[in-house]
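Structural overview
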Amino acid sequence: MALRAASLLPATISVHKEAKSNASLKDTTLFAFGHPLSSHFSFPLPLTQELRKKDVPARIVRAQTAATSPAVDQAAPQGKKTLRKGNVVITGASSGLGLATAKALAETGEWHVIMACRNFLKAEKAAKSIGINKENCSVMHLDLASLESVRQFADNFRRSGRPLDALVCNAAVYLPTAKEPTYTAQGFELSVGTNHLGHFLLARLLLDDLKKSDYPYKRLIIVGSITGNTNTLAGNVPPKANLGDLRGLAGGLNGIQSSPMIDGGDFDGAKAYKDSKVCNMLTMQEFHRRYHEETGITFASLYPGCIATTGLFREHIPLFRLLFPPFQKYITKGYVSEEEAGSRLAQVVSDPNLTKSGVYWSWNKGSESFENQLSKEASDAEKAKKLWEVSEKLVGLA
Ligand code: LMG
Ligand code: NDP
Ligand code: PMR
């Protein structure tokens with residue numbers, strides 16, 4: 001119900017309905033329904049704020065002013081040139097990593113975060129409870145398990161008139177205990193349908209918006225994972241990711257004419273999730289090969305660490321949910337808090353130094369980010385191309 005009601009709500013609403021003043025209300029009234037999308041340059045930019053430097057987490061490197069960029073607000077006080085607020089869309093920002101990243105970026109005062117969520121009210125409440133400033137955030141409805149909803153989101157976003165400077169494909173579902181597959185609105189197995197195909201369409205539709213951005217750096221980040229990489233211990237815990245020759249995907253993943261699994265095998269929810277993460281990492285690289293040079297957009301993926309406490313494990317058995325965090329904390333030492341993982345992803349979005357494209361970032365405990373090696377399959381350029389072409393057909397782009 002909440003979901004249906006949410007989809008009827010305006011495309012952009014500031015987090016707290018009672019908001020009365022300042023940028024968020026202004027953004028809403030100015031940018032909401034049917035605002036003609038003209039040039040970004042003539043569009044009223046989100047307000048430049050006095051930046052609260054002391055609140056910025058140490059790991060998020062502050063954006064530098066680019067004196068000649070049209071994204072620089074020339075009218076800043078005392079002749080200081082200040083970068084305008086960036087606009088970042090984060091999918092699945094209603095919990096876990098997405099929410100923590102939204103908070104990390106919003107509290108710099110340099111970003112307006114558009115939380116793209118399937119449960120509008122949950123997202124609003126989450127933003128409020130974690131203390132995200134209402135001026136720096138809005139919620140828009142997006143259900144990645146429906147291609148119609150993805151298209152609607154892209155239209156609504158465009159109508160909001162905001163430039164798009166960064167897109168973070170973060171949302172995911174993990175169904176390790178499901179005995180039978182479940183499906184998206186278009187009949188794709190739910191994990192690959194949501195985590196890969198929904199994001200694939202979203203990113204393709206919003207690519208033009210990213211291209212148009214006048215921000216000094218623009219990025220498309222797709223969250224990956226260690227568990228999709230079979231060159232690691234974690235990636236070797238069965239069932240292992242394996243896309244095979246994509247025959248199940250090519251058949252539509254619908255469990256009727258084709259298998260619900262990408263490789264054509266029997267349904268396994270944990271494998272479907274890991275396969276979807278391989279798709280995420282391959283898609284990022286294929287975007288890079290096709291568009292980086294032409295557009296200057298940075299395409300990147302990352303493994304944020306094992307955030308063993310998030311909602312991702314909600315479908316797992318209670319014993320797993322109880323033991324998994326201490327196992328990761330004390331045995332593998334791969335555990336990170338939601339806050340730490342959020343600051344890592346925020347860094348990939350906003351650090352002016354992380355402009356390298358086609359990269360999969362990782363972190364060692366307490367260290368800087370480093371460029372990590374993907375598994376053979378997750379870096380297979382032929383497979384990435386085939387995945388792109390098959391996915392295009394499934395989402396109606398080819
Ligand atoms: C698959 O099984 C299912 O087939 C699939 O359907 C889906 O559910 C999928 O990924 C989800 O799992 C994977 C299965 C095979 O893995 C397991 O069964 C692992 C068991 C559960 C692991 C959860 C972590 C909880 C560990 C408990 C430890 C808690 C201790 C915390 C204490 C803190 C102390 C201060 O997996 C395998 O086949 C594993 C193969 C690799 C084995 C490598 C073994 C390395 C040993 C590492 C340490 C293991 C620790 C266990 C300690 C137990 C002590 C009680
Ligand atoms: P959570 O379950 O906490 O967050 C997932 C988010 O995705 C939620 O906001 C959820 O919405 C949203 N979502 C799910 N389905 C849809 C849909 N159909 N449409 C829109 N949004 C949807 O998990 P995490 O924060 O852990 O996961 C975030 C990302 O991090 C994922 O890409 C995951 O693969 C990745 N990751 C996580 C790791 C971990 O250890 N947790 C490790 C490595 C990578 P709702 O709140 O409504 O359920
Ligand atoms: Mg894994 C050695 C390190 C390590 C790391 C970093 C992870 C991350 N895991 C590691 C090891 C192990 N795990 C080992 C040795 C085992 C067997 C005991 C193990 C088991 C295990 C299970 C059953 N691990 C899991 C599960 C899950 O259900 C999680 C999963 O696969 O979700 C797809 C998971 C994870 N281990 C991780 C990470 C990051 C996850 C979950 C999240 C993800 O990839 O998105």
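Read on for an overview of the structure. Only a predicted model underlies this, so the values are computations on that prediction, with no experimental measurement involved.

Digging into unusual backbone geometry
With an omega dihedral of -5°, the bond running from Pro 238 to Pro 239 counts as a cis peptide bond. Along the chain, Pro 239 turns up in the loop between strand 8 (219-223) and helix 7 (247-250). Even without a glycine there, the phi angle at Leu 246 is positive, about 65°. Leu 246 gets classed as buried once you look at its relative accessible area, which sits at 1%. Of note in the backbone geometry, Leu 253 takes a positive phi value of approximately 55° without being a glycine. The topology assignment puts Leu 253 in the loop between helix 7 and helix 8 (269-295). Under the relative-accessibility criterion, Leu 253 is labelled buried at 0%.

Description of a nonpolar patch on the surface
Among the surface-exposed residues, Ile 317, Leu 319, Leu 322 and Leu 323 lie close enough to one another that they form a single nonpolar patch of about 410 Å² accessible area. Tracing the backbone shows Leu 322 in helix 9 (residues 318-332).

Topic: the pairing of strand 7 (residues 166-169)
On strand 7, burial covers both faces: Ala 166 and Val 168 on one face and Leu 167 and Cys 169 on the other are all buried. Running through helix 6 (residues 190-212), the crossover from strand 7 to the neighbouring parallel element strand 8 is right-handed.

A few points about the site of ligand 3
For ligand 3, the set of nearby residues contains 19 residues, the closest of which are Tyr 174, Ser 225, Thr 227, Tyr 273 and Gln 328. A distance of 2.6 Å separates an oxygen atom of ligand 3 from a polar atom in the side chain of Ser 225. The side chain of Thr 227 places a nitrogen or oxygen atom 2.4 Å from an oxygen atom of ligand 3. The element contributing the most residues to the shell around ligand 3 is helix 9, with five residues.

Considerations on the nonpolar core
Formed by 61 residues in total, the largest nonpolar core has its most connected members in Phe 153, Leu 167, Leu 220 and Leu 249. Put simply, the parts of the chain that give this core at least two residues each are strand 5 (111-117), helix 5 (147-160), strand 7, helix 6, strand 8, helix 8 and helix 11 (381-394). Top element by residues in this core is helix 6. It accounts for ten residues. For Leu 249, the residues in contact, after removing those within four places along its chain, are Val 192, Leu 197, Met 261, Ile 262, Leu 387, Val 390, Ser 391 and Leu 394. Among the nonpolar cores identified, the runner-up in size contains 40 residues, and Leu 99, Val 113, Tyr 215 and Trp 361 belong to it.

Digging into the environment of Ser 258
Examined against the element boundaries, Ser 258 turns out to sit in the loop between helix 7 and helix 8. Relative accessible area serves as the criterion here: at 12%, Ser 258 is assigned to the buried category. Discounting chain neighbours no more than four positions away, the residues touching Ser 258 are Gly 248, Gly 251, Gly 252 and Leu 253.

Focus: helix 5
Note that an α-helix has 3.6 residues per turn; residues three or four places apart therefore point the same way. Taking 1.5 Å per residue, 14 residues should reach 20 Å; helix 5 reaches 20 Å between its end C-alpha atoms and fits that length. Listing the buried residues of helix 5 in full gives Leu 147, Ser 149, Val 150, Phe 153, Ala 154, Asn 156, Phe 157 and Ser 160. Looking at the residues trailing helix 5, positive phi occurs at Gly 161, about 80°.

Observations concerning the site of ligand 2
Lining the immediate surroundings of ligand 2 are 32 residues, of which Ser 94, Lys 122, Asn 170, Tyr 273 and Thr 310 lie closest. Asn 170 is positioned with one of its backbone polar atoms (N or O) 2.6 Å from an oxygen atom of ligand 2. The contact in question runs from an oxygen atom of ligand 2 to an N or O atom on the side chain of Tyr 273, over 2.5 Å. Across the complex, the protein chains shield 98% of the 890 Å² of accessible surface that ligand 2 would expose by itself. Mapped by element, the contributors of at least two residues to the shell around ligand 2 are helix 3 (96-106) and helix 8. In the shell around ligand 2, the residues fall into 15 nonpolar, twelve polar and five charged.

Re the pattern of salt bridges
Across all of its chains, the model carries 16 salt bridges by this definition. Between Glu 107 and Lys 103 there is a salt bridge, with the nearest N and O atoms lying 3.5 Å from each other. On the basis of relative accessibility, which here comes to 26%, the residue Lys 103 falls in the partly exposed class. Notably, a salt bridge pairs Asp 245 with Arg 247, separated by 2.9 Å at the nearest N-O pair.

Thoughts on the packing of helix 3 against helix 10 (residues 338-350)
For the pair helix 3 and helix 10, interaxial distance at closest approach is 7 Å and the crossing angle is 60°. Classified by the interaxial angle, the pair formed by helix 3 and helix 10 is oblique. In terms of crossing hand, the pair formed by helix 3 and helix 10 is right-handed. Contacts between helix 3 and helix 10 pair Gly 96, Leu 97, Ala 100, Thr 101, Ala 104 and Leu 105 from the former with Glu 338, Glu 339, Ala 341, Gly 342, Ser 343, Leu 345, Ala 346, Val 349 and Ser 350 from the latter.

Quick notes on the rules
- Residues numbered from 1 in each chain as written.
- Chains lettered and ligands numbered in written order.
- Predicted model: local features only at pLDDT ≥ 70, side-chain atom pairs only at ≥ 80, totals over all residues.
- Heavy atoms only, no water.
- Helix = DSSP H or I, 4+ residues; strand = E, 2+ residues; numbered from the N terminus.
- Buried < 20%, exposed > 50% of the residue type's maximum accessible area, 1.4 Å probe, protein only.
- Patch = residues over 30% accessible without salt bridge, like charges linked within 9 Å, V, L, I, M, F, W, Y side chains within 5 Å.
- Areas by Shrake-Rupley, 256 points an atom, 1.4 Å probe, with all protein chains shown as cover.
- Salt bridge = Lys/Arg side-chain N within 4 Å of Asp/Glu carboxyl O.
- Right-handed = clockwise from strand over helix to strand, strands pointing away.
- Near = heavy atom within 4 Å.
- Polar contact = N/O pair within 3.5 Å; in protein donor to acceptor, adjacent residues only side chain to side chain.
- Core = buried A, V, L, I, M, F, W, Y, C linked by side-chain atoms within 4.5 Å.
- Contact = heavy atoms within 4.5 Å.
- Expected span 1.5 Å × (residues − 1).
- Nonpolar A, V, L, I, M, F, W, Y, C, P; charged D, E, K, R; others polar.
- Axes fitted to C-alpha atoms, helices over the stretch in contact; angles between N-to-C directions.
- Parallel < 35°, antiparallel > 145°, perpendicular 65-115°, else oblique.
- Left-handed = near helix turned anticlockwise from the far one by under 90°.

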